[in-house]
Amino acid sequence: MAKKERSNRIIGRRYRYTEDYRVVPALGRSGRQEKRVIYTAPWVVLRCEEAELRSLVLRMRILFAVAVLALIAALQVLPAPMENKWYVPVLMISVFPLAYQLLAVFTLPNEKKPMERQEYDKSFNRYRQSAVFALVMFCLAAVGTVVYWIVYAAGGLKNAAPYALGDAIFALLLALAAAAELMANRVARGVQTDTMENSAYSR
């Protein structure tokens, strides 16, 4: 019984948008009978105005770009050697949520119109969740950096390079990336929505 319930949860997550659509018969351009998929669930409507939406999406894209550029720059300025710098692998994990967030950036709407539930989830929700994940990785890397230099100061790291300007710049860029994702999460969470009956709008 428990195995079946677990299986149903997995299937439900994988096909969670299936019930939002229905396949209906329709006539194609050639006059032949074909099947058409139509959206039947309620529409997601953004409360903001058109100009506000464009400004909102622009800010979300800029904040994402700042986080990515700050990460790349931080890895470039970090001085060698990389031995025992365990915070670097942790920082590299942030590439995965950033890649996921990039997908959301490309699906953010450029104009205000009712959205399917799947469209909203894969744009605004995906963006917000990815920003939180990336922020956590940046913070963990920052904690690792602090621990590294504490251990170094205590003499626990042999043959480690002394603190350099590149390390300071790395820390600042890491803080900038974290701040950008923190703001990105706040902006995405500020998006307010309503729902509209499916019959009230059609594409």
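See the structure printed just above.
Thoughts on the overall build of the protein chain
Move 1: Counting its regular elements, the protein chain contains 6 helices and 4 strands.
Move 2: Here the C-alpha atoms of the protein chain give a radius of gyration of 23 Å, more than 25% beyond the 17 Å that 2.2 N^0.38 yields for 203 residues.
Move 3: Once the C-alpha set of the protein chain is aligned to its principal axes, its extents read approximately 75 × 50 × 35 Å.
Move 4: Across the protein chain, the fraction of contacts at a sequence separation of at least 24, relative to all contacts at a separation of at least 6, is 74%.
Move 5: Between the mean site of the 27 positive side-chain charges and the mean site of the 16 negative ones, the protein chain shows a separation of 6 Å.

Some remarks on the packing of helix α2 (residues 50-77) against helix α4 (residues 95-107)
Move 1: It is the contact of α2 with α4, at a shortest axis distance of 11 Å, that shows an interaxial angle of 150°. In terms of orientation, α2 and α4 fall into the roughly antiparallel class. Of the two elements, α2 crosses α4, and the hand of that crossing is left-handed. For the pair α2 and α4, the contacting residues are Arg 61, Phe 64, Val 68 and Leu 71 in the first and Val 95, Leu 98, Gln 101, Leu 102 and Val 105 in the second.

Points about the side chain of Ser 130
Move 1: Summarising the element assignment, Ser 130 is placed in helix α5 (residues 117-153).
Move 2: From its side chain, Ser 130 meets the backbone oxygen of Arg 126 in a polar contact 2.8 Å long.
Move 3: Residues in contact with Ser 130, not counting those within four places in the same chain, are Pro 97, Tyr 100 and Gln 101.

Topic: α2
For an α-helix, the turn length of 3.6 residues means that residues three or four places apart are oriented alike.
Move 1: If you check α2, its first and last C-alpha atoms are 41 Å apart, about what 28 residues at 1.5 Å a residue would give, namely 40 Å.
Move 2: Buried within α2 we find Leu 53, Leu 56, Val 57, Met 60, Leu 63, Phe 64, Ala 67, Ala 70, Leu 71 and Ala 74.
Move 3: Buried positions along α2 lie against β3 (43-46), α3 (87-92), α4, α5 and α6 (165-189).

Digging into the nonpolar core
Move 1: Leu 46, Met 60, Phe 124, Tyr 127 and Phe 138 are the most contacted members of the largest nonpolar core, which totals 41 residues.
Move 2: Going through the elements one at a time, β3, α2, α3, α4, α5 and α6 are the ones with two or more residues in this core.
Move 3: Tyr 127 has contacts with Met 60, Arg 61, Leu 63, Phe 64, Gln 101, Ala 104, Val 105, Ala 184 and Ala 188, leaving out every residue within four places of it along the chain.

Reading the values: rules and limits
- Residues numbered from 1 in each chain as written.
- Predicted model: local features only at pLDDT ≥ 70, side-chain atom pairs only at ≥ 80, totals over all residues.
- Heavy atoms only, no water.
- Helix = DSSP H or I, 4+ residues; strand = E, 2+ residues; numbered from the N terminus.
- Rg over C-alpha atoms; globule rule 2.2 N^0.38 Å.
- Contact = heavy atoms within 4.5 Å.
- Lys, Arg positive; Asp, Glu negative; His and termini not counted.
- Charge placed at Lys NZ, Arg CZ, Asp CG, Glu CD.
- Axes fitted to C-alpha atoms, helices over the stretch in contact; angles between N-to-C directions.
- Parallel < 35°, antiparallel > 145°, perpendicular 65-115°, else oblique.
- Left-handed = near helix turned anticlockwise from the far one by under 90°.
- Polar contact = N/O pair within 3.5 Å; in protein donor to acceptor, adjacent residues only side chain to side chain.
- Expected span 1.5 Å × (residues − 1).
- Buried < 20%, exposed > 50% of the residue type's maximum accessible area, 1.4 Å probe, protein only.
- Core = buried A, V, L, I, M, F, W, Y, C linked by side-chain atoms within 4.5 Å.

All quantities given are derived from atomic positions and should not be read as evidence of function.
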